[in-house]
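Results of the structural survey
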Amino acid sequence: MQVYKFGGTSVGTPERMKEVSKLITADGTPKIIVLSAMSGTTNNLVEIADYLRKENSESAAITINHLRNKYRGHIPELYSTKEMQNSTRKLLDNIFLDLHHLCEHRFNEEVEKEILSMGEIMSTNMVTNYLKECGVKTFLLPALDFMKIDKNGEPDMLYIRENITKLLKKNPGYDIYITQGFICRNKDGKVDNLQRGGSDYTATIIGASVQAEEVQIWTDIDGMHNNDPRFVEGTTPVRQLNFEESAELAYFGAKILHPTCIQPARHAGIPVRLKNTMDPAAPGTIINNDMEEGTIKAVAAKDNITAIKIVSSRMLLASGFLSKVFSIFDKFKTSIDMITTSEVGVSVTIDKTSRLAAIVERLKKIGTVQVDTDMCIICVVGDLRSENTGFETIATDALRDVPLRMISYGGSNHNISFLVSMKDKKAALQALQDTLFNEKK
Ligand code: ADP
Ligand code: ASP
Ligand code: MG
């Protein structure tokens, strides 16, 4: 079985939905298809939830009606028979009614998660109905019947494997199985999600659960580029990445992949291929166990980072100081990305700041604390094993005009990270691009 995932732009219009349908049925082999919401929809749903949080139900209702009209407009473009037009219109109208009903509830996180789940429910129903109209044997696998996260927000792999296998066995013989990306249930059985961009994660979790031959992630660009094309000129596609390299790039901000979506594929040893829906013949990027030796592959950047420096004269010779520092972050369930130490202090970075005040309060008991916000981690990824001497010098030299707050090297064989202010991000990325890849030294 192959698992294909199509992102928001790939299913962003009725025309694109038709293209995707053509693409997935072309070779006649059965597939599980994971779909995102149509592009822009999840943002609209976030906006609706935001209005409700601000107790502005009138604007929430107006936004829902706007969205409903947009979806109603898609129906005659997507379906040719009156029968399918009517049944899909009814289905979508019911979803919009549900959205209006949710607005009447007292707003809380549960309501918000329900609202956010609607985009994928709509797109999967629309494409399923289109395929059915085309005569393709299609089955809609409800993600909420098998996709689950545990108390730590991690996918419950045993549960997922057992339940998707059961569902597939109970419904054999279909050519295409469609399911929703992003959405899941949590430990209490309530609707939840795998965080923004989570459809990639859905695809690799399913791939690992059904032991797929390959997971293909179809998006709007020809594979992983060697730098962020939204900020840097002259980026080019990288044709092959090792699992670890791609995991680092995803985690450190390459938006093409959800931050943790490589992990299930890496554990199960299932290759992931990144493909371009707008240009299906383009080769894309293959992610597997191979390692291209002695090569720098790509650069990524993770925004909204907070750096915390704890300085203590007591750190000198004091065993247990670092353990005290880490236990404070652990207590507030805040994970650390970068760490650098010196004889008198330690600097760490975090991206989740919801418990920052409490953390700083505790840290102040053991040292002098300095907090820097609006920072950015720039991560250079490739085969950086120690025998390939010199890459760290080249990268650091490329950033000679950028003030560096932290440098981290040696934590893995694949990554050197720099912490810079977010205002310097674009210049830093371009300087690395010009030096590492474009030979404009
Ligand atoms: P989808 O909706 O298909 O999930 P995303 O918008 O999440 O698509 O991801 C694709 C986008 O990621 C590209 O259009 C590109 O702007 C952005 N991107 C950021 N960094 C990279 C990179 N290194 N290589 C390719 N695309 C990247
Ligand atoms: N629709 C969700 C989002 O926009 C999930 C995804 O597209 O991967 O974040
Ligand atoms: Mg995405």
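Refer to the preceding data block for the structure.
Computed from a predicted structure; not experimentally measured.

Thresholds, definitions, all that
- Residues numbered from 1 in each chain as written.
- Chains lettered and ligands numbered in written order.
- Predicted model: local features only at pLDDT ≥ 70, side-chain atom pairs only at ≥ 80, totals over all residues.
- Heavy atoms only, no water.
- Helix = DSSP H or I, 4+ residues; strand = E, 2+ residues; numbered from the N terminus.
- Rg over C-alpha atoms; globule rule 2.2 N^0.38 Å.
- Buried < 20%, exposed > 50% of the residue type's maximum accessible area, 1.4 Å probe, protein only.
- Contact = heavy atoms within 4.5 Å.
- Pairing = 2+ DSSP bridges.
- Salt bridge = Lys/Arg side-chain N within 4 Å of Asp/Glu carboxyl O.
- Patch = residues over 30% accessible without salt bridge, like charges linked within 9 Å, V, L, I, M, F, W, Y side chains within 5 Å.
- Areas by Shrake-Rupley, 256 points an atom, 1.4 Å probe, with all protein chains shown as cover.
- Lys, Arg positive; Asp, Glu negative; His and termini not counted.
- Charge placed at Lys NZ, Arg CZ, Asp CG, Glu CD.
- Axes fitted to C-alpha atoms, helices over the stretch in contact; angles between N-to-C directions.
- Core = buried A, V, L, I, M, F, W, Y, C linked by side-chain atoms within 4.5 Å.

With respect to the overall build of the protein
- Along the protein, the regular secondary structure elements total 14 helices and 16 strands.
- Taking 22 Å as the expected radius of gyration for a compact globule of 441 residues, we find that the protein reaches 24 Å, a close match to that expectation.
- C-alpha atoms of the protein, sized along the principal axes, occupy 75 × 50 × 40 Å.
- Across the 441 residues that make up the protein, the buried fraction comes to 53%.
- Expressed as a percentage of contacts within the protein between residues at least 6 apart in sequence, the contacts between residues at least 24 apart total 75%.

Considering the pairing of strand β13 (residues 345-350)
- Judged by how many residues are buried, β13 sits mostly within the fold: 6 of 6 residues are covered.
- Burial along β13 is two-sided: the residues G345, S347 and T349 and V346, V348 and I350 are all buried.
- By the bridge criterion, 6 bridges tie strand β11 (residues 296-311) to β13 in an arrangement that is antiparallel. Bridge pairing links I308 to V348 in β13.
- Where strand β12 (residues 336-341) and β13 come together, 4 bridges link them in antiparallel fashion. Each bridged residue has a counterpart across the sheet, and for T340 the counterpart in β13 is S347.
- Joining the antiparallel neighbours β12 and β13 is a turn of 3 residues.

Structural notes on the pattern of salt bridges
- Summed over all chains, the structure comprises 23 salt bridges.
- When the shortest N-O distance is used, the salt bridge between E112 and R53 registers 2.8 Å. Taken as a pair, E112 in helix α5 (residues 109-116) and R53 in helix α2 (residues 41-53) lie far apart in primary sequence, 59 residues in all.
- Salt-bridge contacts for K423 lead to D424; the nearest nitrogen and oxygen are separated by 3.8 Å.
- Look at D424 and you get buried, because its relative accessible area is 16%.
- Ionic contacts of the salt-bridge type, sharing partners, join the residues D50, R53, K54 and E112 into one network.

Considering a positive patch on the surface
- Together, K151, K331, K333, K352, R355, R362 and K365 make up a region of like positive charge exposed at the surface.
- For R355, the position within the fold is in the loop between β13 and α12 (356-363).

Side note on the sheet that holds strand β2 (residues 31-35)
- Ordered in space as β3-β4-β2-β1-β7-β9-β10-β8, the 8 strands form an open sheet in which the pairing is mixed. Strand pairing shows two members of the sheet lacking a second neighbour, β3 (138-141) and β8 (240-242), which therefore form its edges. In this sheet, neighbouring strand axes are inclined to one another by 20° on average, regardless of whether the strands run parallel or antiparallel.
- Pairing between strand β7 (residues 215-219) and strand β9 (residues 272-276): 5 bridges, direction parallel. Its bridge partner being in β9, T219 is matched across the sheet by N276.
- Here helix α1 (residues 14-25) sits on the sheet and contacts β1 (2-6), β2, β4 (176-180) and β7; the angle it forms with β1, its principal contact strand, is near 165°.

Concerning the nonpolar core
- Counting residues in each nonpolar core, the largest one holds 98 residues, and the members touching the most others are F6, I115, F146 and L257.
- Not counting residues within four places of it along the chain, the set of residues in contact with L257 comprises D200, I217, M224, S246, A250, I262, L274 and I287.
- Counting residues in hydrophobic clusters, the runner-up holds 21 residues, among them V232, I296, V299 and A428.

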